[in-house]
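# Coordinate inspection notes
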Amino acid sequence: MDSLDLLLGGFAQALTPMNLLWVFVGAFLGTAVGVLPGLGSAMAVALLLPVTFSLDPTGAFIMFAGVYFGGLFGDSTMGILMNTPGGSTAIATSFEGHRMAKRGRAPQALATSAIGAFIGGLIATTLVVFFAPSLADLAINFGPAEYFALAIFAFMAVASVVSDSVLKGLAALLIGLSFAVVGIDGITGTQRFTLGVPELFDGVSIIVITVGVLALGEVFYVASRIHRTRVQEMGGVTGRPYLSRREFREAIPAWLRGTGFGVPFGVIPVGGAEVPTFMAYSAERRLDRRRKDPQFGHGAIRGVAGPEAAGNATSGTAMGALLAMGLPTSATAAIMLAAFQQYGLQPGPLLFERNADLVWALLASLFVGLLMLLILNLPFAPVWAKLLLIPRLYLYAGITVFCALGVYATSAAVTDLLLVFGIGFVGFLMRRYGFPLAPVMIGVVLGPLAETSLRNAMMSSGGDASVLVGSPITWTLYGVLLAVLVYTAFSRVRNRTRADT
């Protein structure tokens, strides 16, 4: 009951007219920045950090609560409409969300995203309020061997599920891993695949790869076919900004499953919500194969619902890990940590004792921010969808310009502009020859984590490889992975046998 009483006190602060205004401003600005290709939710928090310096700490962090979730929704909005996710956490959502937009269901995809973000964030934030210490204990059990097992699980699960050809899935994974190893080796300090170019010493930015593979690859592919075949026109401008009863029933299990994937990952420092969103996407795709009328590849609403709920659930518990342990588990949380330090505050157990009013007002404002986003974005779904009314030539030209501006704004490096167009050509070739894109992105995101974890585990054990399978967590992860691979192989053999007969 103590937590509930403290939360009610936090609501008393968060629901004042001025603080409600700051939540609204934060949600609106976060969404606006999040929809810009190449920027995303982390950049939204970073760009708006100076704006809050004139506010008192409570008002500033209440505004950040709106920015935090608003940026995540903005990431997904452009991923759904333009196949140009504002951040890597929205990549999985964009696969089926963009297909829904192409089939005239953009408002329903955006509504699914908004409701999924609300449900995932609501459940996760509720758990943070009542179970933050227990969730934090989970992160302590993960060492280098567990992180490596987690990365291998994600690699193989995604590569084997998202493509009809396992070889193409693995080849796409290798492309992503090849991007991930460019730069200076963090342990030995040697150059790797930099071709002697100083600008590549820090590696290839995830923003450059995301924009190149997903956005420019799509632009090049559409341009290559615009005079050969009649490209399907975008739809979704006149659709309803809500879900039918049948669509809602179909999405509810995916929202809950996605939340289940996302909650524990918020307290595990694996870089953000990329892992659970891809895992939620893979789970929904596997379940879709068992249906009589598979929807994946044609705009499956569950392919939007699962990843979106997973991403916001991860973000909700990530805030709990930041407040309770001072542990930033994502780039956005790391920037939030910097914001706390700007005000002379250090997140951790003592924060709840020394600044209880601020902490509980912030937690309450997370609930208010989620509700504000739902109210703000559900009616605006058709308005966002009107972006698809722009003629295709101007639309894709504009996407190209915004991609270039977004990439250049993050680094001010001409090298990144050249890289993004080169990687865009790789994305075009992958679309042209039917290679899946998800394994590329999971390889880029988790490649450094897998490499660092493997090397740290081996160094700490003196080269004893048994450390990689030396804990119950690794046994569980590898066991589940084996079961997934066996089931996937069995399902494909069975489907092929049925097709032959």
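What this report covers is the structure whose coordinates are included nearby. (Residues numbered from 1 in each chain as written. Predicted model: local features only at pLDDT ≥ 70, side-chain atom pairs only at ≥ 80, totals over all residues. Heavy atoms only, no water.)

### Focus on the overall build of the protein chain
The condition is simple: Every helix listed is a DSSP run of H or I at least four residues long, and every strand listed is a run of E at least two residues long, numbered separately from the N terminus. When accessible area is computed with a 1.4 Å probe and restricted to protein chains, residues below 20% of their type maximum are described as buried, those above 50% as exposed, and intermediate ones as partly exposed. Residues are treated as being in contact if the distance between any of their heavy atoms lies within 4.5 Å. Method for areas: the Shrake-Rupley scheme with a 1.4 Å probe, in which residue coverage is limited to the protein chains shown.
Along the backbone of the protein chain there are 20 helices and two strands. Among the 501 residues that make up the protein chain, the fraction classed as buried is 55%. Within the protein chain, counting contacts between residues at least 6 apart in sequence, those at least 24 apart form 79% of the total. Carbon and sulfur atoms make up 67% of the accessible area of the protein chain, which totals about 20,600 Å².

### Some details on the packing of helix α9 (residues 206–225) against helix α19 (residues 438–460)
Geometry of a packed helix pair, given as the angle between the helix axes and the separation of the axes. Short version of the rule: Only the stretch in contact is used when a helix axis is fitted, and all axes are lines through C-alpha atoms; the angle between N-to-C directions ranges over 0 to 180 degrees. Should an angle lie under 35 degrees it is considered roughly parallel, over 145 roughly antiparallel, and from 65 to 115 roughly perpendicular; all remaining angles are considered oblique. Gly is put with the polar residues, along with every residue not named as nonpolar or charged; the nonpolar set is Ala, Val, Leu, Ile, Met, Phe, Trp, Tyr, Cys and Pro, and the charged set is Asp, Glu, Lys and Arg.
For the pair α9 and α19, the least separation of the axes is 11 Å and the interaxial angle reads 175°. Between α9 and α19, the angle is such that the two are roughly antiparallel. Where α9 approaches α19, its residues Ile 206, Ile 209, Thr 210 and Val 213 are matched on the opposing element by Val 440, Met 441, Val 444 and Val 445. When grouped by side-chain class, the residues that make up the contact of α9 with α19 number seven nonpolar, one polar and no charged.

### Digging into the pattern of salt bridges
In a structure, side chains of opposite charge can pair up when their charged atoms sit close to one another. Put simply, the test is: Within this document, salt bridges are pairs made up of a side-chain nitrogen of Lys or Arg and a carboxyl oxygen of Asp or Glu, the two lying within 4 Å of each other.
Scanning the entire structure with this criterion turns up 10 salt bridges. Among the salt bridges present, the one from Glu 284 reaches Arg 257, with a minimum N-O distance of 2.8 Å. In this pair, Glu 284 sits in helix α11 (residues 274–288) while Arg 257 sits in helix α10 (residues 245–265), placing the two residues 27 residues apart along the sequence. Owing to a relative accessible area of 1%, Glu 284 belongs among the buried residues under this scheme. Each of the salt bridges in this network shares a partner with another, and the network as a whole consists of Arg 246, Glu 250, Arg 257, Glu 284, Asp 288 and Arg 302.

### With respect to the packing of helix α8 (residues 166–180) against α19
Stated formally: Left-handed describes a crossing whose near helix is turned anticlockwise from the far helix through less than a right angle; right-handed describes the clockwise counterpart.
It is the contact of α8 with α19, at a shortest axis distance of 7 Å, that shows an interaxial angle of 40°. Here α19 runs oblique to α8, going by the angle between their axes. By crossing handedness, the relation of α8 to α19 is classed as right-handed. Only Pro 439, Val 440, Ile 442, Gly 443, Val 444, Gly 447 and Pro 448 of α19 make contact with α8, whose side of the interface consists of Gly 169, Ala 172, Leu 173, Ile 175, Gly 176, Leu 177, Phe 179 and Ala 180. Residues of the contact of α8 with α19, tallied by class, amount to 11 nonpolar, four polar and no charged.

### Looking at unusual backbone geometry
Positive phi values are uncommon outside glycine, yet Phe 193 reaches one of about 55°. Take Phe 193: its relative accessible area is 61%, and that puts it in the exposed class.

### Observations concerning the nonpolar core
Worth spelling out the cut-off: Residues belong to a common nonpolar core when they are buried Ala, Val, Leu, Ile, Met, Phe, Trp, Tyr or Cys residues joined through side-chain atoms within 4.5 Å.
Counting residues in each nonpolar core, the largest one holds 122 residues, and the members touching the most others are Phe 61 and Phe 340. No other element matches helix α4 (residues 57–82), which puts 15 residues into this core. Contacts of Phe 340, omitting those with residues within four sequence positions, involve Phe 61, Leu 322, Leu 323, Leu 345, Pro 347, Leu 351, Leu 358 and Leu 362.

### Considering the packing of aromatic side chains
This is how the line gets drawn: Two rings from Phe, Tyr or Trp (for Trp, the six-membered ring) form a pair when their centres sit within 6.5 Å of each other. Planes less than 30 degrees apart are called stacked, planes more than 60 degrees apart edge-to-face, and all others tilted.
Tallied over the full model, the rule gives seven aromatic pairs. Consider the rings of Phe 95 and Phe 278, whose centres lie 6.5 Å apart with planes at 50°: the pair is tilted. Pair noted here: Phe 95 is in helix α5 (residues 91–102) and Phe 278 is in helix α11, with a separation of 183 residues, a long-range link. In this structure, Phe 95 and Phe 278 share a single accessibility class: buried. Where Phe 95 meets Tyr 281, the ring centres are 5.4 Å apart and the plane angle is 55°; that geometry is what we call tilted. Of the two residues, Phe 95 sits in helix α5 while Tyr 281 sits in helix α11, which places them 186 residues apart along the sequence.

### A closer look at the environment of Thr 58
Structurally, Thr 58 is set in helix α4. Ignoring anything within four residues of it in the chain, the contact list for Thr 58 reads Gln 13, Leu 358 and Ala 361.

### Description of a nonpolar patch on the surface
Selection rule: Patch criteria: residues need more than 30% relative accessible area and no salt bridge. Like-charged residues are merged within 9 Å; nonpolar side chains of Val, Leu, Ile, Met, Phe, Trp and Tyr are merged within 5 Å.
Taken together, Leu 4, Leu 8, Phe 130 and Phe 131 make up a surface patch of nonpolar side chains, about 360 Å² in accessible area. Going through the elements one at a time, α1 (2–14) and α6 (106–140) are the ones with two or more residues in the nonpolar patch. Looking at the element boundaries, Leu 8 is found in helix α1.

### Digging into α1
Using the following cut-off: Expected span of a helix, by definition, is 1.5 Å for each gap between consecutive residues, and there is one gap fewer than residues. To be clear, the arc concerns the directions from the helix axis to the C-beta atoms.
A rise of 1.5 Å per residue sets the reference length of α1, with its 13 residues, at 18 Å; its end C-alpha atoms lie 18 Å apart and thus fit the reference within 8%. Taken residue by residue, α1 has Leu 7, Gly 10 and Ala 14 as its buried positions. All buried residues of α1 fall inside an arc of 55° around its axis, so they share one side. More than 90 degrees from the buried face of α1, the exposed residues found are Asp 2, Leu 8 and Ala 12.

### Observations concerning the side chain of Thr 194
This is how it is decided: Counted as a polar contact is a pair of N or O atoms within 3.5 Å, where, for protein atoms, one must be capable of donating a hydrogen and the other of accepting one, and residues adjacent in sequence contribute only when both atoms are in side chains.
With respect to the element layout, Thr 194 can be found in the loop between β2 (191–192) and α9. Of note is the side chain of Thr 194, whose polar atom sits 3.0 Å from the side chain of Gln 191.

### Regarding α5
Between its first and last C-alpha atoms α5 spans 17 Å; for 12 residues at 1.5 Å apiece the expected length is 16 Å, and the two agree. Among the residues of α5, Ile 91, Ala 92, Thr 93, Ser 94, Phe 95, Glu 96, Gly 97, His 98, Met 100 and Ala 101 are the ones counted as buried. Phi for Gly 104, located one or two positions after α5, is positive at around 85°.

### Comments concerning the environment of Thr 476
Locating Thr 476 in the fold gives a position in helix α20 (residues 472–500). Residue Thr 476 is classed as partly exposed on the basis of its relative accessible area of 49%. Taking the C-alpha atoms as reference, Thr 476 lies 9.4 Å from Ala 149; in sequence the two are 327 residues apart.

### Observations regarding the environment of Asp 5
Within the secondary structure layout, Asp 5 lies in helix α1. Taking the C-alpha atoms as reference points, Asp 5 and Trp 360, 355 residues apart in sequence, are found 9.9 Å from one another.

### With respect to the side chain of Arg 302
With respect to the element layout, Arg 302 can be found in helix α12 (residues 302–325). Taking relative accessible area as the criterion, Arg 302 reaches 5% and is therefore assigned buried. Among the polar contacts listed, one links the side chain of Arg 302 to the side chain of Asp 288, at a separation of 3.0 Å. When neighbours within four sequence positions are excluded, Arg 302 is seen to be in contact with Glu 250, Ala 254, Arg 257, Glu 284, Asp 288, Arg 291, Phe 296 and Pro 307.

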